[in-house]
Amino acid sequence: MLEVLQESLRKAPIVNRGEYPYFIHPISDGVPSLEPELLDEIAEHMISIAGTDYDRIVSIEAMGIPLATTLSLKTGIPFSIVRKRQYGLEGEVILSQSTGYSKGELYINGVNKGEKVLVVDDVISTGGTLKALLPALEKMGAQITNVIVVISRGDGAIQMRDMGYEIDTLVKIDVDQNGVSILEVAGEQQ
Ligand SMILES: O=P(O)(O)OC[C@H]1O[C@H](OP(=O)(O)OP(=O)(O)O)[C@H](O)[C@@H]1O
Ligand SMILES: Nc1nc2[nH]cnc2c(=O)[nH]1
């Protein structure tokens, strides 16, 4: 299951961002090369979880973009990207994002009241990004059908469950100076 993803994670190099051991991977960084085979495997798995009964795919710049694009091409469903840049359009919603290594503002445009949305992203770590985004989408009147994140590190997904949000993750990993260890793969018994 998810063999291409697992193989690529085993090869991921680590760099330090301050105290934070940061893994570098095609899905989370677009580096060194994002292969169609990997995008296809992930998008097919996401569709097997979420189906296609939603009006919009929502993801976050930068590395949500290839995931949302692949899903959109496969499903024919449009997507909106939550940006780190302000546009000042009517209805734009501003929220504060905090991750293990950065803080900043996010700007939501294009999500309409009453829409069913699928939220996808590349990584959940502290959960800071989704803790800000999911309540904001609900406040805008969106109905979140599924939230799917490719790579889970740390306990962000568990914290989100305690807040009442179920996050599907494809692979759970641990990261230290030596590399990535795969702890759990979706659909596989441990
Ligand atoms: O669970 P969290 O601690 O919030 O971390 C997860 C977030 O971190 C990454 O984004 P990043 O802000 O690094 O942006 P990028 O996609 O532009 O690299 C990732 O795409 C998530 O959005
Ligand atoms: N690429 C990458 N993205 C992340 N988002 C949260 N943690 C990480 C990490 O270690 N690497």
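Residues numbered from 1 in each chain as written. Chains lettered and ligands numbered in written order. Predicted model: local features only at pLDDT ≥ 70, side-chain atom pairs only at ≥ 80, totals over all residues. Heavy atoms only, no water.

Looking up the protein chain in an unreviewed UniProt entry gives the name Hypoxanthine/guanine phosphoribosyltransferase, with the organism given as Methanococcoides vulcani. Database annotation for the protein chain, UniProt heading Pathway (unreviewed entry): "Purine metabolism; IMP biosynthesis via salvage pathway; IMP from hypoxanthine: step 1/1." Regarding the protein chain, the UniProt comment filed under Subunit (unreviewed entry) reads as follows: "Homodimer." (UniProt positions renumbered as here; feature names shortened; annotations may be inferred.)

(A) Representation of the packing of helix α1 (residues 3-10) against helix α3 (residues 36-50). The N-to-C vectors of α1 and α3 enclose an angle of 125 degrees; their axes lie 8 Å apart at closest approach. Relative to α3, the element α1 is oriented oblique. Together, E3, V4, L5 and S8 of α1 and E37, L38, E41 and I42 of α3 make up the contact between the two elements. Per-class residue counts for the contact of α1 with α3 are 4 nonpolar, 1 polar and 3 charged. (Axes fitted to C-alpha atoms, helices over the stretch in contact; angles between N-to-C directions. Helix = DSSP H or I, 4+ residues; strand = E, 2+ residues; numbered from the N terminus. Parallel < 35°, antiparallel > 145°, perpendicular 65-115°, else oblique. Contact = heavy atoms within 4.5 Å. Nonpolar A, V, L, I, M, F, W, Y, C, P; charged D, E, K, R; others polar.)

(B) Up close: the pairing of strand β5 (residues 93-98). Across 6 bridges, β5 lies against strand β6 (residues 103-108) in antiparallel orientation. Residue I94 lies in a different strand from β6, and its bridge partner there is Y107. Hairpin geometry of β5 and β6 is characterised by an intervening segment of 4 residues between the two adjacent antiparallel strands. (Pairing = 2+ DSSP bridges.)

(C) How the structure looks around the site of ligand 1. Surrounding ligand 1, one finds 18 residues, the nearest of these being Y101, D121, D122, T126 and T129. Side-chain polar atom of D122 to an oxygen atom of ligand 1: 2.3 Å apart, as the coordinates give it. Interatomic distance of 2.6 Å between a side-chain N/O atom of T129 and an oxygen atom of ligand 1. Here ligand 1 loses 90% of its free accessible area of 500 Å² to cover by the protein chains. (Near = heavy atom within 4 Å. Polar contact = N/O pair within 3.5 Å; in protein donor to acceptor, adjacent residues only side chain to side chain. Areas by Shrake-Rupley, 256 points an atom, 1.4 Å probe, with all protein chains shown as cover.)

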